[in-house]
Structures are given as C-alpha cells and as structure tokens.
Amino acid sequence: MNSRVSLAQGLSPPLSDLYFRTKWSIPRAKPPSTLTFLSRNSPRFHLLRLPNSMVVEAVRLDGPVVEIGELSGTEDGDLAFETCITRTLPSALTLEQGLQRITEAVEKMKMDSPSSASGIFRFQVLVPPSPKALNWFCCQPAESSVYPLFFLSRNTDNPTYKSLYLKESSGVFGIGAAIYFNNSSSTSGELSLTKRYLSSDSTSIMAYGFVDINFNMESSSMVHEAGSSYFFIPQIELHEYEGVSVLAATLAWNDSSRCSFEEAVCSYELSLKQVSRYSWPTTEKCHSKGIRSSLGKLNVVEDETLSMVCINLFSQGGREVMADIMELKEAPSSCQFCIRLSPTAAVSSNMLDHTSQMCYSTRDCANINTVWASLIIEECSRLGLTYFCVAPGSRSSPLAVAASTHPLITCIACFDERSLAFHAVGYARGSHNPAVVITSSGTAVSNLLPAVVEASQDFVPLLLLTADRPSELQDAGANQAINQVNHFGSFVRFFFSLPAATDQIPARVLLTTLDSAVHWATSSPRGPVHINCPFREPLENSPSKWVPSCLKGLDFWMSNAEPFTKYIQVQHSHACTDTHGQMTEVSNVIQKAKNGLLLIGAIHTEDDIWAALLLAEHLQWPTVPDILSGLRLRKLVAFPELEENFMIIDHLDHALLSDSVRLWLRADVIIQIGSKITSKRISQMLEKCFPCSYIMVDKHPCRHDPSHIVTHRIQSGIVEFADCLLKASSPKKNRKWSSFLQLLNMVVAWEISFQISTKYSLTEPEAAQVISETLSSKSALFVGNSMPIRDLDMYGLNWSEGIHSTAATMLNSELPCHWIRVAGNRGASGIDGLLSTAVGFAVGCNRRVLCVMGDVSFLHDTNGLAILNQRKSRKPMTVVVINNHGGGIFSLLPIAERTEPSILKQYFYTSHSVSIHRLCAAHGVKHLLVQTKVELQDALLISQYDEMDCVIEVESSIDANATFHRILRKFASQAANDALSILLRFSVQDSVCKIHRMDYSLFRIPLRAPPTMTIVDQDRSKFYREGYILSLYLEDGSVGIGEVAPFEIHRENLLDVEQQLRFILHVIKGATISCFLPLLKGSFSSWIWNNLGVPPSSIFPSVRCGLEMAILNVIAARQSSSLLNILLPQIDEGDKSERSSKVKVCALIDSNGTPSEVAYAATTLVEEGFTAIKLKVARRGNPMDDAAVIQEVRRRVGRQIDLRADANRGWTLEEAIQFSSFVKHCDLQYIEEPVQDENDIIKFCEESGLPVALDETIGNIQENTLEKVAKYAHPGIVAVVIKPSVIGGFENAALIAHWAQHQGKMAVVSAAFESGLGLSAYIQFSCYLELQNADICKAMKSELVPSIAHGLGTYRWLEEDVTTDPLRIDRDPYSGFIEASVADANRVLQKFQINHNVICRNFTGEQVSIYELNIDTKGYSCFFKVHEVGQRTSDNIVLFLHGFLGTGEDWITIMKAISGSARCISIDLPCHGGSKIQNPGDKDTAQPSFFH
C-alpha cells in the first residue's frame, strides 16, 4: 500500500484520473536564499530548426529539477509542479500495430487537449521483441524530412562493424526531438522559471546525445568542445530491452518556448508519417540484408573515438541529471551507433568498414577460379550470409581463400565435415539466417548428410557450397571424384551444379544462381540448398589470363552493395482478409469450443513466442507449452498469480499418468501452433480426443500429423494467425474445464517438486530443475535428445526474478513473463552433432548458451570440442553432460522389463567407461565433475560468470535414475487421481462460494492441572486455557468453526493474535473459497496471498491453524461430509476399516514425583487402556534421576507398551548422552528434543544410539520447510511430532508429515492443550495421515507399518469444554484400548454448540465513523473527509495519510486491525477523495484541471 505524506506519488492510474497541473502554496519562515538550480551554468534549451529540412518543433525545458528538501530556504509563494504523464497502451502484436495504437491515442488526446501551458506526455506500448531498430534506421530515406535519426547499439562486447552482419544487433532507434538540451561551455545560461517534471509512473525517460561535443544547429556542424553537451529526447523511439521492446512516443510543449501543444503534435505527426511509411518489412528474411547498402548511401563520417551517451533524464531521487557534466561523462554510453543530425551532419562509430564506398572490383583476381569464387562470396555477403563454415581441402581452395579474406565474412574451420555441418545448423537456428558450408569434393560432401537431413526435417536454412572435379574427371577414376549431382536427394530444397569456372559464359549465372538458391532456402518451407562448384586447376592464386568480357552487365552491380536479383514478396495489407471463407469457419469452430486446448510446440523466433503469448491471453484456454516453445521455462517478473490470464499447464504429461485423468480429459477443439510436441503421452492423449476439431498452424506446407487427426491445417505464420484471431471476440470461457486443469497441474507440480526435494542424492530430474533455475532471460538453452529434453520438459522449473528495469515494469502490467530461448535438434531427433550444433547456436543467438546432453550424445560428437575450443564470435558457453555411462533412456522403455540385463547393457545401454575429463583436457576445455546438488549449483554459478567455456559432468546411474523416475510417476499419478476425485464431486457453481462474514469469541476454559510445558506458580490453584473460536459464514448459509489457541512459549500472545484476527475479519469478507483448498498442496498458501493480500508466513501459526480449521470445516459442512473425507475423498463413508475409523491416543505424564509414583501413574494409564505413554523428562537436576524414572516405568508396564520421553530441549549434549547411557536397554520408542542446541541432534543420534523425535525443531520452521528439514533425514531420527497450531496449520503439518513418511519416519500429531474443538479436528487429521502413509507404503512397495499413537492425551486436562456436548475419548469395547473415534470427532464438528459459560466476549467487527472536518485559514476553506475507528477515549492515536491519488479508505483494513489498542484516524488529503478546497467567493469547489 502506498501510504505516506507526499505531494506526488509515482503511480500509474487510468488516464481519466490524472491531475495535470497543481499549484501549492508553501509557507516558509526562513529568509530567502540562493537556490542551487538557478545557477548561471544551467543548460540552454532551444527550438530545433534545421536548414534544408522541415521544421521540427522541440520544447524548451527550463532547468534542472528541484527536490522538495531543497525548498527549505525559499520564501512563501507558488511553486509550479508539472506532471509528465506516461500511459502504457495494450501490447501490440506487431510493430505496425504498435504505431497504430499510439496514433489512436494521440488522436484521442487531440480531441480533448490539455489546458496546461506546458507538459510532457508519453505513450508507450510493448511490441514484438526481435531486433528491428537497426533495420528501421536503415529503412529511412537518405533525404529525410525529420532529424535527428539515430541507431544506438546495445552491444557492449567490443562491437565491430562485422558484428552487425554476423548476428542480429538490438539497440535503440529514434527519430525527431521532443525535448533537446544544448549546453555550450562558451555560452552562459540564462535564469528562468524552474519547473519540476514528475513522472506519473516508474518508467524512465531516456535522453541521447554527446558530451564534450558542441552541435551548432544553424551551421549543422559538430566540434569537440570540453564542457559542452548535446542531448535530446526522441519523439518516436524503439528501445529493445532484454526480451521485450518498447515503442514510445513523447510529446512536449511549452508556450514560453514557442512550442505549443498543437505544434508539438504537428511535429510528432511528421515523424510518425515518415517511420510508418519507411518501416522494416516483416517478410524480410535476412536481418543483415541491406544494412551495408543503406549505410553506404549516407554521407556518414566514421569516428571510432566517439561514444553516444544514454541517460535517464531524471534520477531515482527526482533530481535532473543534466546539471553536472561530470555525471554525464559517467553515464552509460555506446561506441557503436549512427546518428543523422541534419542532411549534412551524420556520424557513426564501428558501423562502417573501410570498403564503405561499396565499389566492388575483380581486378586483383589472378585467374578465373578466383574470379568466380570472389563473385560467389561477395553475393553471399550481399544476401546477408556472413557466417562461413570451412572444411579443409584442396579443391575448395578458391572458395575458402575468398571467404577468409572478405571484410564482412566470419569464418570458422573444422577438420570434421559432419561436426562442421551441424555447427552451421546451430548457427542458422540461433540467427534465423543461413550459414554457408564450404567443403572439398568426395566423401567430404557425404559427411554433410546427417546435418542436411536435420536441417531439412526442421526447416533450417543452409547453403552448401561443395567443390567438385570438372566433368572430364567424373567417372574416370580420378582421385576424390564421386557423383555429387543431387547428392542429397529430396533433403535439399534446391540443387544446381555450376559449370567449371570459365570466362566463356557470363558470370551473371553465378549471381542469379546464388540469389535463387538463397530465396529457396529462406522461403517456406525453409531448408538446405546445395550448389556444386567444380574447379579446374590451378586451385591456388596462380596468375592465369582470363577474359573480362565474362563480367559484361555487372557494372551496376559492382557500383552498389545490393544483390543482383531481388526477390520481392507482395502481401496483402491485412493478414486476414478471407472473412467469409475458411478462416471464418475456423473462427466459428473456436468460438463454439467447450473444452478448448492450446498446444504450443517448438517456436523458433521471439516474435512468434510473443504472438503465442498474446493468443493464449486472448483465448483464455488451458495452454500446454513444449520445452522448445520458450514458454515452458518462462521467467515470472512478478507474483505468479499474474499468470491467471495465462492458464499454462506445465505438467499435463505427468497428470496423464492417471487412468482417471486420461478418461476424463476430452478436448473438443485443439489448436497447435509450432512444430512437434516432445511428450509422447500428450500426443497419445490428442489421439484419444479424436474425433475433435484439431487446428494445426505452421508456416511450412508439410504434413506433421502422425496420428492423422488434424481437421484444419493452416499454413500461416503464428503472427498472422494470431492477428486473425485477436480481431475476433474471445471465446466463451469454460470455468470448470480451465480450473480443473489448472488444479491438476498445481497438484502434480507440487508432488513432483516434493519428491525431487526429498530425494537427497542428485537425480537426473533434480539436475533438470537446477539447470532451469540457473537460466536467466539473457541466456539460452540448447537441449540434447534422448532423456535431457524429456527431463527438462517434464521437470524443468519456471522461476521468478525481481523487476529491475523499465521494460520489466511495463511487462509486469501487460504480460506476466519473459521466456527462455530454447533450441534442440528435433527434426530427425538424432544424438549426432549435438555439441557442434550447440556451439553454432551460441554464435547465432549471441547469448550465453547452456547446453545439456547425455554422455552418449557427447561421445558421439567429441569433434565438436575442437569447434568449442576455437571460441570465435560468441559468448562463453556451458555444456552439462549427464553421465550415467550409457543410454539411460532404454531403462525406461518396455524393452527393459523383458530383456536380460547383460543384453541391455551391451546392445542398448552401450555402457562405457570413457573419461570425459580426459577428453576435455585433450582439447583444452575446462572440466568440472559434480555429484551433489550443491556442487552442481556451484559449478553452474561459476561457469555463469566465468569468461571461458566449461564442461560440467554430472555423475549419475542408469538403475538409480530408472527407479526414481518410476517413483515420480507413481506419486504424480496418485496425486492426479486424488485431485480429480475431489474435482469431479462438484459442479462449477458448487466448487466455489463467497464468505459472508467471520466473527470470533474469546474463551477461557478451566484445566484440571497446569499444562506440562508451563512453569507452575505454586500459589495458583486454578489453571485456564484461553483462545478464540472462529465462526466462518458462507453466503449459502454454511458455517465452519475453528480454534485459535496461542501459547506464550510459542512466541504468541492473545493481544497480538486478536489484532491479526481483526485484520482478517475485515479482509476475508467477500473472499472466495474453493473446494480445492483441502488438497493441502500449496492451495492454502496461495489462497492466503491472493485473498488476504499478506504473505502466508506473516500470519501467526495459531491464527493460520484456526483459519484453516474453520475453512476446512465449512467446506465439509457445505458438502454434508466430514473433514476426513474432504481431505481424502476416495475414502468411502461406509468404510469401516480400523485405520479410517479409530485413532490411537498416547497418554501424557508430567513425571513429577518419585520413580515409584510416576510408575504407579503409568500403570494406572495402562489399565485404563493406553498402549503408549509419553513422559516428560529433563525437569530434574540430574539426568540420572530421569533415567531412574524411565527404568522403573518400563519395569512396571512391561515391554508391550510404547514408551516415549520428551526432554523439551532441557539438556546439554553431555547431559543427554549421560541419560541415554542409562536407558539404552529400556526400549524407548523415541526421545523428543534431547538437546538444547539443534545442531547437536545428529551427534546425539550417532553417539547415543537412541531413536530421536523432533518437536520444537519442526515448530521453529516457518518457511522453506523441505530445505530446512533435509538435514534431519538421518535414520536416527525416527519421528516428527507435529503440533498444527505451532507449525502454522494443516497444510504445513501435512507437508512435514508427508516428508517424514517418505523418509520412513513416524508422523505424530500432537495437541497443544486445545479444547475439544481443536482435538476433534486433529483426530480426523491424524486419521488422514495414517491413510496417507498406507498409500505411500503401497506405492513404494514397502511393508505397511502399524498405526501409531498420536499425542492427543491432553484431553484429560480439560475440566470443561467450549462445546456443550464434549468430545468423548473412551476405551474401545472391541480392542480394549483408549482410542479416539473419527465418527465422534465428526459429530462434534458438525453439531458444534458453543458453551456460553466459557465465553468471555464476542467480536463481530468494528464500525467506521465517517465525518467532515472544516478548516478555515487565510481565506481558504478546506473540507477534509475523515475516517475513524476505535475508542475515542484511547490515549494512543494513530494518523494515517494516503499516497498520491489514494484516499483515506486505503487504510481501513489496517485501522480495524489495531483499533483494539489505538484510536485510528485517516483523512482524504486535499483534492483527493471527499476532501475539497474552496477559495473565498467561489460558489463551487476549485478542482484541478484534468482531461480524459
């Protein structure tokens, strides 16, 4: 909540709610003093008027910013505050749509223009994130009508002109100047009225320019001048951040600077008109195509000593940063940029090469071979193909030499053509641009086939230039001469065999052939193309005459930098024009869907991922992302509940392990965008859904329908398809279908996470989780085939990260996540060439790549280490090798169950003992071996910040991995079954209900004796237990009861607890509760955050316990069921088994008295029917005295009774060891908390040999439970004692019990002297844990352990109860034991009647007093709206002041929470809410101006 005294608060409200200009009178008692911001060195700001171009009006900003604290010396008067309003528009599917959105917003603004004389207004919209800024800059005409224009690169890793062509370069494009700052050191500034510009949200306004540069606009000249600066804020700006691009338009006006609002709009529209007309076509295939040509046409001066500075106009403290030239020099800058300041003034840095004159010549070519090779390479560079993979060979020498000497070409070499070709595939995957492969003749060409097949199957563009012998050497026995014509058959999109190099045919054939081949490679369906290039000797650069006439007709080509033949694709202006045809049919099918499902397969471009996200938001369907979609490992930029509009189902694969889920899940309309789905179970599910409407969307025309169920095959890009659907209304949402799938996903995700977290050896699924957690939005993942891609698909984690940037702040309000770019070779899904592909992918995508593969895949491509070791034109990468010493995937296939282990090992696993460490050492690559989770995390962290490549080897085992995968599948299936059994019991209407109200009553019940954990006051004769009874009422009339029973020793007291209850009582009204809450797998924690608005850990444990108890009981009451049955619904009401009807109870003895007296009390309890007794120890001066008691009790009760001891952390380690030495033969079931220091628990277990139980240690854990209990997995710890009111409710108790049972430990529920109400709930919860443990034993095929006695013996302390019909715990007539009846506990909860004799008072809520306070002062009348809660007689008064654009009502919830101890008052500040300011003589209240 934004609540502090403030003149303005940085919020982002709806446009209609913004105040545009406000004046405040600030009285000061001190005499005036000089203000620092009125110095004569203030920057001068002018209108931007350029010669020989259309005038662009820019506002004059009068001076630096003044902070509130700097006003202490000013005299009384008015200080004008101007507001910079930033409005974020809905995300746009394309850049063109982003421009249209801004245009519409400006048009709306023009219709209701602001009345203020000056101001800044900024519109911004998220647009697709792929780099477009450079191309947009290059598209602008040479004779621009608007200046300045610039491109600023974000590349900070030693940028060169080559980097522009090798990989996509993101950065900033801007045009026009909304505000500019021109500060010359030789000219003194002038004094003027200072205004403060306040941003209405956290979005930064960036200014761009130069330091120590004086730009004279009148003469269009730039000169170096120390102390000078020139900066401007663009009118239109495309800023490409990491993972998102922001398109912004800024309008600034100031009547005193002769730039009115109308002139500012007119100037902006000039810029908009130009950039809209000259934009980068979305159909263009090569990002670098045309850059060289465009830059060469400009009259640009290249100066690599110059840097362009980028600054946030206002610092976080609100101070204008332009005031200090030293700060400007320290601001972020880029040494790669190009800026056009006027028709005659343009400068760049690291953008142009020395051949920027674009004049190509063959005059230095020694022979016709070099001529042809030179022409081929040059045309490739003009087509945007600048990455060459060169294999050594003699016949290919002309091509290799020409490529390696070309100024724009980057080459890499490898001795293995197979690895080299896969490397080219990787580069093309990363850059979306074809790589060129050059090989010699013969089998060198054949070695390209595996990579060609992969590229063909997965639509990856490649250009293969294979050298060949001339025709006279074919079929003549010449060395290395094979038939290379159509060598790759149907796996290439285009083949052409050139004639041997000759000057007898026009060289134009080379250029047109290349142009045609690249067009085929980059057109749908994209893929590899092959040009065979025969050469006769001499192959070296030996002089040999050639006739220049073969170059006839190439003069125009040599004089520019463009390809010979331009292929132009004409598109309709709108992507969706067939409104009455087939797309209408598809749209109708989607609109009528009842159970719609969106599948997102492999997606290769960021813009397609962007479109998929917008489509998922529009459809509101359950969305299943494949690992290769980029969304499976998405990064949340805020809280996960912001994903509610993106119903992403990550774990459908494991949910489908449940037979009941497979039978239930029937989608009637399925949309699949992107390529193949990795999960076999999902593919099988799709087939079982048939007949249904199955809509497959992909750009290629090929059939990807192995089950033959596709009913609508749409050949379209994802962006174009999304454009069609986004124009239609959203289909009707099926709440039941969506919510059921979301809940199934949540439960299965919880179970997977739990199972992995409680397996304390490093498993392959856990490795997948650790790896996915390591990824950031700045990195990328290349995943190998076989098990790595499946493990990451099934077990990878999406994760959260704080918001640190402007773009992330915008993204938070529009789309909830970034994505992680993921790639893999799934065309033919082979395990060959994976390492080489990953290295190429790292070059192409220009990110730090983390590659994950299996050991056999790694060994299959060890020559890829030679490419890895070259580290050319890329960032460092990390290769994680999961080494289980063989092909582990076969252990998970049916073949493993029906084949002899020896055969499996030799012929399927292909087990090996190859040293990966030595392989890496041989290639000079860093190697790390890890065997634990911590070691893997550390290794990944080191490699993430290291500037060298690294191979991390994860040691694993095929058998252990197979066993753990089977366990994961079993428990995921069981969790899905449990969840679905709950879900299917309700209709949509019955599954949720709103809370009408909650109230509570303070009770005080007498006890027969003091609680065992308290210090007894010898003067007291009566003892009491105090707490609260919660009553929760639903709108349908259902009522649920809960008990809140705090204990001082648990760091809670009644006063603090009641304040929290008052808060909850107010915020819980109207909250929705769901029948899914009893799942107890994160459901309550999520509900508390989403509905109460507080972190779950901030609620007192006893309060959360009582609240969960009330909610569970009200859900049970609403269903006419029991608490046990809603926790474990598959238990039939008629099930009369002992486990589901009775709970054993452990008696409790305080152990005061002599050993004989205590033994007599224990004997009496045994005679009553107790089978287990717990004795309190560590209450005496000597541990030997406690040991004597234990010995005597054991002697008297016999061995058939379970004895437990509870030391309550009363001993030092030495004392506990002394005690253990005397009772080691007493057969204790366990001793609770024997030592004071929890770090000594394991040491005690190992030294004493006594079984130990945890109690206080568990109670102290409030967060990260599984992580903190991990160290207590020691077998010497045999039990955990769980007090729900101490550890924070039933959900936390169930988690700890689940952990204990999976570790083979006892989970003992223990009361903390609660009333019969709490005990009744604990009895049913204990029964639930017993039944759950039986299921765990069954799933793990372990022996079923006997039922245990739970710590519910505190009922004997109750002299009176909170209910008129108390709980009855008696001796069972059949077993003869003291047992608690589940049926009787259910009776107490269902027919609960409060015993009013023990109720001290009731509370149903505080009333809020609202009144108006009138204040008259100095001719002004102020009317303040006041809200007041609490006793007016209280001496404690708390005043609450709201934040900017808030009201006093913002504080009501907090005021009610503390009203029991203070008088709470909140007011609406002037011009907010109901408060008003009235000037004398005004009939109406003066309101600040605003516009819509």
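Coordinates for the structure precede this section.
Sequence positions are assigned chain by chain, starting from 1 and proceeding in written order. Owing to the predicted nature of the model, reporting of local features is limited to residues with pLDDT of at least 70; listing and counting of side-chain atom pairs is limited to 80 or more, with chain, interface and lining totals taken over all residues. As a convention, hydrogens and water are excluded, and side-chain values are obtained from all of the structure's heavy atoms.

A.B. asks: What is the right way to look at the sheet that holds strand β22 (residues 528-534) in this model?
C.D. replies: Within a sheet, neighbouring strands are paired by backbone hydrogen bonds and run either parallel or antiparallel to one another. As summarised here, the arrangement of the six strands in space is β18-β17-β19-β20-β22-β21, forming an open sheet in which the pairing is parallel. Either end of the sheet is taken by a strand with one partner, and the two such strands are β18 (410-413) and β21 (494-497). Strand-to-strand twist in this sheet, taken as the mean axis angle between neighbours without regard to direction, amounts to 15°. When DSSP finds at least two bridges between two strands, those strands are taken to pair. The numbering of helices and of strands both runs from the N terminus, where a helix is a DSSP run of H or I of at least 4 residues and a strand a run of E of at least 2. With five bridges joining them, strand β19 (residues 435-439) and strand β20 (residues 462-468) adopt parallel strand pairing. Bridged to I438 within β20 is L465. Convention adopted: a line fitted to C-alpha atoms gives each axis, helices being fitted over their contacting stretch, and angles between N-to-C directions are expressed from 0 to 180 degrees.

A.B. asks: Even after reading the chapter, I still don't get the side chain of S891, so can you show me in this structure?
C.D. replies: With respect to the helices and strands, the residue S891 is situated in the loop between β34 (878-883) and α27 (901-908). The classification of residues rests on relative accessible area computed with a 1.4 Å probe and restricted to protein chains. Under 20% of the type maximum is buried, over 50% is exposed, and intermediate values are partly exposed. On the accessibility criterion, S891 (7% relative accessible area) is buried. A distance of 2.6 Å separates the side chain of S891 from the backbone oxygen of G888, its partner in a polar contact. Among all residues touching S891, those that are not within four sequence positions of it are A896, Y909, I958, A962 and R966. Polar contacts, as used here, are pairs of N or O atoms within 3.5 Å; protein pairs need one atom able to donate a hydrogen and one able to accept it. Residues neighboring in sequence count only if both atoms are side-chain atoms. Two residues form a contact once any of their heavy atoms are found within 4.5 Å.

A.B. asks: Mind showing me how you'd approach the side chain of R340 here?
C.D. replies: Considering the arrangement of structural elements, one finds R340 in strand β15 (residues 337-340). Just so you know, the count uses Lys and Arg for positive and Asp and Glu for negative, and it drops His and the chain ends. Each reported salt bridge corresponds to a side-chain nitrogen of Lys or Arg within 4 Å of a carboxyl oxygen of Asp or Glu. Buried R340, no salt bridge; nearest opposite-charge side chain is E143, N-O distance 6.8 Å. At a separation of 3.0 Å, a polar atom in the side chain of R340 contacts the main-chain carbonyl oxygen of P141. At 2.7 Å, the side chain of R340 and the backbone oxygen of A142 are in polar contact.

A.B. asks: How do you make sense of the nonpolar core when you look at a structure like this?
C.D. replies: One recurring pattern in soluble globular proteins: nonpolar side chains tend to sit buried together. In this structure, I1068, W1087, L1092 and F1325 are the most contacted members of the largest nonpolar core, which totals 135 residues. Among residues more than four places away in sequence, those in contact with W1087 are I995, I1068, A1071, T1072, I1073, L1077, L1092, L1107 and I1111. Put simply, buried Ala, Val, Leu, Ile, Met, Phe, Trp, Tyr and Cys residues joined by side-chain atoms within 4.5 Å make one nonpolar core.

A.B. asks: Where do I start with the packing of aromatic side chains in this structure?
C.D. replies: To describe a pair of aromatic rings, one takes the distance between the centres and the angle between the planes. We call Phe, Tyr and Trp rings a pair once their centres come within 6.5 Å, taking the six-membered ring for Trp, and we label the pair stacked below 30 degrees between planes, edge-to-face above 60, and tilted otherwise. Going through the model one piece at a time under the given rule, you end up with 25 aromatic pairs. For the pair F740 and F1076, a centre-to-centre distance of 6.2 Å together with 85° between the ring planes defines the contact as edge-to-face. Of this pair, F740 sits in helix α20 (residues 735-757) while F1076 sits in the loop between β40 (1072-1074) and α33 (1083-1092), and the two are 336 residues apart along the sequence. Here the two residues F740 and F1076 agree in accessibility, since each one is buried. An aromatic cluster is built from F150, Y208, F215, Y230 and F232, whose rings are joined through pairwise contacts. Over the ring of Y1033 we find R997; its NZ or CZ atom is 3.9 Å from the centre of that ring. Look at NZ for Lys and CZ for Arg. If either is within 6 Å of the ring centre and within 35 degrees of the ring normal, a charge sits over the ring.

A.B. asks: Explain the environment of I1452 here, please?
C.D. replies: Within the secondary structure, I1452 is located in helix α47 (residues 1452-1458). Classification of I1452 by relative accessible area gives buried; the value is 11%. Taking the C-alpha atoms as reference points, I1452 and V1408, separated by 44 residues in sequence, lie 8.1 Å from one another. Apart from the residues within four sequence positions on either side, I1452 is in contact with H1066, V1408 and H1427.

A.B. asks: Got a minute to help me understand the pattern of salt bridges in this structure?
C.D. replies: Pairing between side chains becomes possible if they bear opposite charge and their charged atoms approach one another. Following the criterion strictly, the structure yields 46 salt bridges and no others. In this structure, R874 engages D949 in a salt bridge whose closest nitrogen and oxygen atoms are separated by 2.8 Å. In this pair, R874 sits in the loop between α26 (864-868) and β34 while D949 sits in the loop between α29 (933-945) and β36 (950-955), placing the two residues 75 residues apart along the sequence. When sorted by exposure, R874 lands in the same class as D949, which is buried. Among the ionic pairs, R1062 bridges to E1406, the shortest N-O distance being 3.0 Å. A residue pair is termed long-range when its members are at least 10 positions apart, and R1062 in helix α32 (residues 1054-1067) and E1406 in the loop between β51 (1399-1403) and β52 (1409-1417) qualify at 344 residues. Looking at R1062, the relative accessible area reads 11%, which means it is buried. Linked through salt bridges whose partners overlap, the residues forming this network are E1058, R1062, R1401 and E1406.

A.B. asks: Help me out: how do you make sense of the sheet that holds strand β23 (residues 596-600) in this one?
C.D. replies: Pairing within the open sheet is parallel, and its five strands lie in the order β24-β23-β26-β27-β28. The sheet is open, and its two borders are formed by β24 (623-625) and β28 (712-715), each paired with just one other strand. Adjacent strand axes in the sheet meet at a mean angle of 15° when their direction is disregarded. When strand β27 (residues 693-698) meets β28, the two strands line up parallel, connected through four bridges. Residue pairing across strands places M696 opposite R713, the latter belonging to β28. Across the face of the sheet, helix α14 (residues 582-591) comes into contact with β26 (669-673), β27 and β28 while running at roughly 125° to β28.

A.B. asks: What is the right way to look at the environment of G886 in this model?
C.D. replies: With respect to the element layout, G886 can be found in the loop between β34 and α27. In this structure G886 comes out as buried when scored by relative accessible area, which is 4%. Measuring from C-alpha to C-alpha, the distance between G886 and G854 comes to 8.5 Å, with 32 residues separating the pair along the chain.

A.B. asks: Quick question: what am I supposed to make of the environment of V223 here?
C.D. replies: Its location among the elements puts V223 in strand β9 (residues 221-233). Given a relative accessible area of 41%, V223 falls into the partly exposed group. Between the alpha carbons of V223 and I213 there is a distance of 5.7 Å; along the sequence they are 10 residues apart. Contacts of V223, omitting those with residues within four sequence positions, involve D212, I213 and N214.

None of the figures reported here should be taken as evidence of function without further support.
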